[in-house]
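In case you want the letters, here they are:
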Amino acid sequence: MKNSNKLIILTGPSGVGKGTVVKEILDKEKNIWLSISATTRRPREGEKDGENYYFLDKKKFKEMIEQNLFLEWAQFAGNYYGTPLSSVNEKIKKGFTVLLEIEVEGAKQIKEKFPNSLSIFLLPPDKAELERRIRNRGTENEESIKKRLSRANYEISASNQFDFALTNQNVNETAMRIIKLMQT
Ligand code: 5GP
């Protein structure tokens, strides 16, 4: 893939607000395309196949791994998540800036493959706030919340492996800071 400087990686722990920040960025910047990931987790209420994710069973996901159809993939809280290669390539060729909203292991894989990509780690104001956000979201059962929170400690300890680490205090401000980083 050429033009990997057109590749933006947004990572950070579950509950830090990546999704909300992404929405704000997409509202403000029209030339950005958000990659739609594949996952084996079940759809949440209101989530649509092909819009929020491509929802696949494990068998299909593993077939795609074997066929090298992912740019990166990782396991997270008991499920598989991956970025489909073909759509990202196609959008970069068309001149879009491609935004990946992914967890830390996948983000590291992308940064290794595409050193020119811009990688941004979102930090929560503090751990208690992260837990509050995950709980208030109301999308996870207790088991999933526990897995996500224990994983968050490990993820936060990797924050210095990315180009920038920003504390997500205020969604609008964070989005503006990311847009600025993309433009420099
Ligand atoms: P959720 O289940 O909350 O939608 O996502 C769980 C985690 O997986 C989040 O940190 C999210 O950013 C990450 N994620 C979503 N899509 C991908 C992907 O394609 N690859 C990787 N590595 N992580 C992803």
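Quick note: structure is the one above.
Procedures and definitions
- Residues numbered from 1 in each chain as written.
- Predicted model: local features only at pLDDT ≥ 70, side-chain atom pairs only at ≥ 80, totals over all residues.
- Heavy atoms only, no water.
- Salt bridge = Lys/Arg side-chain N within 4 Å of Asp/Glu carboxyl O.
- Buried < 20%, exposed > 50% of the residue type's maximum accessible area, 1.4 Å probe, protein only.
- Helix = DSSP H or I, 4+ residues; strand = E, 2+ residues; numbered from the N terminus.
- Core = buried A, V, L, I, M, F, W, Y, C linked by side-chain atoms within 4.5 Å.
- Contact = heavy atoms within 4.5 Å.
- Pairing = 2+ DSSP bridges.
- Axes fitted to C-alpha atoms, helices over the stretch in contact; angles between N-to-C directions.

Draft legend 1. Examining the pattern of salt bridges more closely. According to the stated counting rule, one finds 18 salt bridges in the structure shown. Between R41 and E47 there is a salt bridge whose closest N-O contact spans 2.8 Å. As far as burial versus exposure is concerned, R41 and E47 are alike and both buried. Residues K59 and E63 are paired through a salt bridge, measuring 3.3 Å at the closest nitrogen-oxygen approach. With K59 and E63 both in helix α2 (residues 58-66) and 4 residues apart, the pair spans about one turn of that helix. One connected set of salt bridges, linked through shared partners, spans R41, R44, E47, R137, E140 and R148.

Draft legend 2. Quick peek at the nonpolar core. Membership of the largest hydrophobic core comes to 21 residues, with the highest contact counts inside it found for L10, V21, I25, I120, L122 and I178. Every element with two or more residues in this core is listed here: β1 (7-11), α1 (18-28), β8 (118-123), α5 (127-137), α6 (142-157) and α7 (171-183). Ranked by the residues each element gives to this core, the list is headed by α7, at 4 residues. Sequence-distant contacts of L122, that is, excluding residues within four places in its chain, are made with L10, T11, G12, P13, V16, G17, K18, V21, L166, N168, T174 and I178. Membership of the second largest hydrophobic core comes to 18 residues, among which are I9, V88, I92 and V98.

Draft legend 3. Quick peek at the sheet that holds strand β4 (residues 54-55). Sheet architecture is open: 4 strands sit in the order β4-β3-β6-β5, paired in mixed fashion. The open sheet has two edge strands, β4 and β5 (70-76), and neither has a second partner. Where α2 meets the sheet, its contacts fall on β3 (38-39), β5 and β6 (79-84), and the angle it forms with β6 comes to roughly 45°. Together, β5 and β6 form the strand contacts of helix α3 (residues 85-93), whose direction differs from that of β6 by roughly 30°.

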